[in-house]
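Architecture and fold: a report
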Amino acid sequence: MRTITARNPHDSLSFSRRHFKWPVLGKSRSHGAISGDEDYLKSSEAEEEDEAAMAFSSACPSFHSEDFVSPPLKAAAAAAAAPPPPQQQQRRRKVRTAVSRLRSALANAVAGRHRQVGLGARLTGTLYGHRRGHVHLAFQVDPRACPALLLELAAPTAALVREMASGLVRIALECERAKGAALPTPAASAAGDGGKKLLEETVWRAYCNGKSCGYAVRRECGAADWRVLRALEPVSMGAGVIPAASCGGGEGDVMYMRARFERVVGSRDSEAFYMMNPDNSSSGGGGIGGPELSVYLLRV
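Residues numbered from 1 in each chain as written. Predicted model: local features only at pLDDT ≥ 70, side-chain atom pairs only at ≥ 80, totals over all residues. Heavy atoms only, no water.

Let's talk about the layout of surface pockets
Roughly 410 Å³ of internal volume is contained in the largest pocket. Taken together, 27 residues form the lining of the largest pocket, with Val161, Met164, Ala239, Tyr256 and Met257 sitting closest to its centre. Of the residues contributing to the lining of the largest pocket, the split by class is 19 nonpolar, 6 polar and 2 charged. (1 Å grid on protein atoms, 1.4 Å probe; cavity = no way out; pocket = protein on both sides within 12 Å on 5 of 7 lines; lining within 4 Å. Points joined across faces, edges and corners; volume = space filled by probe spheres on them. Nonpolar A, V, L, I, M, F, W, Y, C, P; charged D, E, K, R; others polar.)

The structure is reproduced here in structure tokens:
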């Protein structure tokens, strides 16, 4: 067994104070004894705190020592404030350009649905109207596109239905040339010069099978027209009735007839639209030659 000896009395006292906890038996002593014990405990606690502080300071490097390294706060702030490298800037520009192009393409796709498109040789023609209303005639390049020509005829829908049930129907629309406008020459027609196009005329005189039926007015496609045309998008050819609930209601059911039409341009002042039969035959309407419905546009 190893004995621990002290060099002097003070070392033995400090050692005992450091490693042993002496009980406080001051209840039966006098007031002076109690105060002495308290001073003794306070001094021992102070010594223990000093020793712990010295041990911590010896374990941790000093701020002024060579081993201490300060955190790079200024370097991190400078790196954050520095501008990005050229490669990163170029990537950001490419991403912004791609996003802007995508947005413009989507906007053009949405706007193309409501933009008038140039006519071709084959069109989709639709006759529609309320039972007690007027007839509307719309020609579209595509069933989902805005009508290139939309006319409202003064003829009632019921009267046109009776005419079509009896046989062939010929609708002739005539408009007057603007006052002061010269007759078009072949050179001007070939160059595309001149005034208003034929399909841009606004007021027409209407004839149905040779009988006058009032006037026809060119108009823009409104909300009620869009409801009817959108309801007929799945229909490529046929006739029927659209319920009032599907087209906004109000004036009742809508009667319609849709088919493909062939467009023939005679000159700047004459065009014709012939309904194409599904069997590609040139006869219809009870054996009489010619299409069942034809629309003629003339400027006189």
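Topic: the environment of Ser267
Tracing the backbone shows Ser267 in strand E8 (residues 254–267). Sequence-wise, Ser267 and Leu198 are 69 residues apart; in three dimensions their C-alpha atoms are separated by 9.5 Å. A polar atom in the side chain of Ser267 sits 3.1 Å from the side chain of Ser270. (Helix = DSSP H or I, 4+ residues; strand = E, 2+ residues; numbered from the N terminus. Polar contact = N/O pair within 3.5 Å; in protein donor to acceptor, adjacent residues only side chain to side chain.)

Observations regarding the packing of aromatic side chains
Centre distance and the angle of the planes are the two values used to describe a pair of aromatic rings. All told, the structure shown has 3 aromatic pairs when counted by the stated rule. When the ring of Phe139 is compared with that of Phe273, the centres are 4.3 Å apart and the planes differ by 20°; the resulting orientation is stacked. Here Phe139 is found in strand E2 (residues 134–140), whereas its partner Phe273 is found in strand E9 (residues 270–275), with 134 residues between them in sequence. Both residues of the pair, Phe139 and Phe273, count as buried. Ring plane angle 85° and centroid distance 5.9 Å describe the contact between Tyr274 and Tyr296, whose orientation is recorded as edge-to-face. (Phe/Tyr/Trp six-rings, centres within 6.5 Å; stacked < 30°, edge-to-face > 60°. Buried < 20%, exposed > 50% of the residue type's maximum accessible area, 1.4 Å probe, protein only.)

Some points on the nonpolar core
Formed by 29 residues in total, the largest nonpolar core has its most connected members in Leu173 and Leu297. Sequence-distant contacts of Leu297, defined by excluding residues within four places in its chain, comprise Leu149, Leu173, Leu198, Leu199, Trp204, Asp269, Ser270, Glu271 and Phe273. Within the second largest apolar cluster, 13 residues are counted, among which are Leu150, Val228, Leu229 and Ile242. (Core = buried A, V, L, I, M, F, W, Y, C linked by side-chain atoms within 4.5 Å. Contact = heavy atoms within 4.5 Å.)

Quick look at the environment of Leu198
Along the polypeptide, Leu198 turns up in the loop between helix H6 (186–191) and strand E5 (203–208). It is 8.2 Å that separates the C-alpha atoms of Leu198 and Glu271, two residues lying 73 residues apart in sequence.

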